[in-house]
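Below are the chains, spelled out letter by letter.
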Amino acid sequence: MLVAASLAWYLWQEKHEVEETARKEALATLDRDNAYRQWLVDQGGVYVRPSEKTPGDPYLVHPLKNVATTGGQPLTLLNPAFVLREVQSRLVDPSRGRARIVSLTPLNPQNTADAWERKELDSLASGQDRVEVVTGADGTYLRALRPFFVASGCLPCHTAYKEGDIAGAISTSVPLAPYQAINRKTVQGIAFSHGVIWLVGLAGIGAAYRRGRQHAAAQREWAASVANMNAELECRVAVRTEELTRALAELESFSYSVSHDLRAPLRALNGYAHLLKEAQGEALDPEQQRMLDRIGHNAEKMGQLIDDMLDYARTARAAMKKEAIPLKPMAEALVRELSEPHPGARLDIADLPTAEGDPVMVRQIFANLIANALKFSAGRDAPAITIGATVEDGMVHCFVRDNGAGFDMAYAGKLFHLFQRLHREPEFPGTGVGLAIVKRIVERHGGRVWAEAAPAAGATFHFTLPLHKG
Ligand code: HEC
């Protein structure tokens, strides 16, 4: 487009150039011939010796038309228009740079104005000294004329005019063909050079386009290979995850069945210890009886441990429901049930929102935390337990606070690990599984669990669960 615009501009410029040059030539011709003729008018015409070529001025009417020198040489008066014509007849190329003198009412019929000249002369107001330049209707020549006004010097020969009249004009016509020929060559040169520029530009654009496409193709290839690698990686991750899940499931079911199978021998152990004590109670001395009691007690403890482990394993395996759980009634029911053996404890339950999750599992969380709170505050004069909740970022944030034994925050990290216990056995019995179960359930719900405490200053257990919406 740029090349086309440049070409158009040059072509327009060139066309203009042709007209401009022709115009200059026309005006120069008019000016020169008029100056020449003006000099002749100023002389009042010129006398020449009559010859074969110029026998006399046929249209001149003048009292001193034919005179003779004192030596007897005859002289004849020539008018300016005649002389101009005579001079011009000697031009090498008569088609160029030639002006003629015309009028609407000529003395010489040869000087009759043509259609264009007549039109121009008609339109001229007297006193107006104007040069008209137009391009010929067919575009092959350019014309110009300059009007003549009658002055006193004209009157001796043009008796019909009075001063100020428009007697006629000097007129010229310049053919455009020679300029157009030059112009054509220039135009060809311009067109050729523009063509070359256009082609080079096209080649450049083509090359850039090809390079762009190659680049894009390379980029696509690269993106595809990255996507491939990603897909492969994801596939590998999926396979590993699957393997891992299967291994974990196998491990869980293994430990489940082991735990399960341990119960029967344990029951037998306990049962036989009882039977032995009942049957041989009298025969045994107190030390032996205590040993039997120990066997029974430890078997029971081991049974408890196994039960807790089975619970723990179950929380991982059980399919999870997703239901609305109104927490307050659930907590109230649990408190009623669990606080029975602790008549001195005060339990406050604030307003609790409705969470979303598996009701059985969530109930387990509250059960374990409330049981812990009761256990660790039992030694206080006035055990007090508070259960409350807030809603933060679409999650229910619950806490269970007690004023019991508390613990050192240095061990807070261990708290939720399986079989981790921060307190001694006889005072606070337990297997160290309850909090691990709580952590597992909370995390299966997408929540978080943590604790705050200080030794002998009570503990607060926090956990979050998804909020039920709507
Ligand atoms: C010496 C006499 C003479 C003088 C001076 C003279 N002319 Fe002419 N002029 C003639 C003659 C004769 C012709 C016609 C002859 C011809 O075409 O050969 C003529 C032709 C013309 C023509 C062409 C039309 C036609 O009539 O054929 C014009 C226009 C013209 N004169 C204008 C003037 C003007 C304007 C002046 C004064 C500034 C002037 N002339 C001075 C004698 C004169």
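Computed from a predicted model, the values in this text were never measured in an experiment.

Below, the discussion takes up the sheet that holds strand β13 (residues 449-453). With mixed pairing, the five strands of this open sheet are ordered in space as β9-β11-β12-β14-β13. At either end of the open sheet lies a strand with only one pairing partner, and these are β9 (346-349) and β13. Pairs of neighbouring strands in the sheet enclose a mean axial angle of 15°, with direction left out of account. Pairing analysis gives five bridges linking β13 to strand β14 (residues 459-466), with the strands arranged antiparallel. Opposite V449, over in β14, you have F463 as the bridge partner. Contacting β9, β11 (384-392), β12 (395-402) and β14, helix α7 (residues 359-377) crosses the sheet at an angle of about 175° to β14.

The next point concerns the coordination of the iron atom of the ligand. Just one protein atom coordinates the iron atom of the ligand, and that atom is H158 (NE2), at 1.9 Å. Note that H158 resides in the loop between β6 (141-149) and β7 (166-175).

Now for the pattern of salt bridges. Where side chains of opposite charge bring their charged atoms close, a pairing between them can arise. Counted by the stated rule, this structure contains 19 salt bridges. We note a salt bridge from D293 to K277, for which the minimum N-O separation is 2.9 Å. Pair noted here: D293 is in helix α5 (residues 286-317) and K277 is in helix α4 (residues 177-280), with a separation of 16 residues, a long-range link. By sharing partners, the salt bridges in this structure join R100, D114, E117 and R143 into a single network.

With 44 residues, the main nonpolar core has L327, I365, F366, L369, F407, F461 and F463 as its most contacted residues. Broken down by secondary-structure element, the contributors of at least two residues to this core are α6 (327-338), α7, β11, β12, α8 (434-444), β13 and β14. Considering each element in turn, this core owes the most residues, nine residues, to α7. When near neighbours in sequence (up to four residues on either side) are disregarded, F461 contacts L369, C398, F399, V400, F407, L415, F416, L435, W450 and A451. Core analysis: the next-biggest nonpolar cluster, separate from the first, contains 15 residues, A81, L84, L142 and V174 among them.

All right, on to the site of the ligand then. R85, L107, C154, C157 and H158 are the nearest of the 23 residues found near the ligand. With respect to the ligand, the backbone of N108 contributes an N or O atom lying 2.9 Å from an oxygen atom. Of all the elements in the fold, those that place two or more residues in the shell around the ligand are α1 (2-42), α2 (80-88), β4 (99-102) and β7. Tallied by class, residues from the shell around the ligand come to 13 nonpolar, eight polar and two charged.

It is worth spelling out the packing of aromatic side chains at this point. Within this structure, the stated rule accounts for four aromatic pairs. A ring pair is formed by F366 and F463, whose centres lie 5.5 Å apart and whose planes are at 80°; its orientation type is edge-to-face. One end of the pair, F366, is in helix α7; the other, F463, is in strand β14, and 97 residues separate them in sequence. You'll find F366 and F463 in the same group, each marked buried. Judged by centre distance (6.4 Å) and plane angle (45°), the ring pair of F407 and F461 falls under tilted. Linking F407 in the loop between β12 and α8 with F461 in strand β14, this pair joins segments that are 54 residues apart in sequence. F461 matches F407 in its accessibility class, with the two residues each being buried. Through a chain of ring-to-ring contacts, three or more aromatic side chains come together here, namely F407, F416 and F461. Above the face of the F148 ring, R37 is positioned so that its terminal group lies 3.8 Å from the ring centre. Residue placement shows R440 over the ring face of Y312; its charged tip is 3.9 Å from the ring centre.

As a further point, take the packing of α5 against α8. Between α5 and α8, whose axes approach to 10 Å, the crossing angle comes to 5°. With respect to each other, α5 and α8 are oriented roughly parallel. Listed contacts from α8 to D308, D311, Y312, A313, T315, A316 and R317 of α5 are A436, I437, R440, I441 and R444. Among the residues making up the contact of α5 with α8, the classes are represented as six nonpolar, one polar and five charged.

Spatially, four strands are ordered β4-β7-β6-β5 in an open sheet, and the strand pairing comes out antiparallel. Each having just a single partner strand, β4 and β5 (132-135) make up the two edges of the open sheet. Sheet twist, expressed as the mean angle between neighbouring strand axes with direction ignored, is 20°. Against the sheet, α1 touches β4, β5, β6 and β7, its axis set at about 30° to β6.

On to the domain arrangement of the protein, then. In terms of domain boundaries, the protein breaks down into domain 1 (2-175) and domain 2 (318-466). Between the C-alpha centres of domain 1 and domain 2 the distance comes to 125 Å.

Okay, the packing of α7 against α8 next. At a minimum axis distance of 9 Å, the contact between α7 and α8 shows a crossing angle of 145°. Along this stretch, α7 crosses α8, giving a crossing that reads as left-handed. Residues M361, V362, Q364, I365, N368, L369 and N372 of α7 lie in contact with α8, whose contacting residues are G434, L435, I437, V438, I441, V442 and R444. Per-class residue counts for the contact of α7 with α8 are nine nonpolar, four polar and one charged.

Looking only at α2, the buried set comprises P80, A81, F82, V83, L84 and Q88. Where the residues of α2 are buried, they touch α1, β1 (46-48), β3 (74-78), β4 and β7. Two to three positions downstream of the cap, the backbone nitrogen of A81 sits 2.8 Å from a side-chain oxygen, assigning the N-cap of α2 to N79.

Reading guide: rules and limits
Residues numbered from 1 in each chain as written. Predicted model: local features only at pLDDT ≥ 70, side-chain atom pairs only at ≥ 80, totals over all residues. Heavy atoms only, no water. Pairing = 2+ DSSP bridges. Helix = DSSP H or I, 4+ residues; strand = E, 2+ residues; numbered from the N terminus. Axes fitted to C-alpha atoms, helices over the stretch in contact; angles between N-to-C directions. Contact = heavy atoms within 4.5 Å. Donors = N, O, S within 2.8 Å, 3.2 Å for Na, K, Ca; no water. Salt bridge = Lys/Arg side-chain N within 4 Å of Asp/Glu carboxyl O. Core = buried A, V, L, I, M, F, W, Y, C linked by side-chain atoms within 4.5 Å. Buried < 20%, exposed > 50% of the residue type's maximum accessible area, 1.4 Å probe, protein only. Near = heavy atom within 4 Å. Polar contact = N/O pair within 3.5 Å; in protein donor to acceptor, adjacent residues only side chain to side chain. Nonpolar A, V, L, I, M, F, W, Y, C, P; charged D, E, K, R; others polar. Phe/Tyr/Trp six-rings, centres within 6.5 Å; stacked < 30°, edge-to-face > 60°. Lys NZ or Arg CZ within 6 Å of the ring centre and 35° of its normal. Parallel < 35°, antiparallel > 145°, perpendicular 65-115°, else oblique. Domains from an automatic or database assignment. Left-handed = near helix turned anticlockwise from the far one by under 90°.

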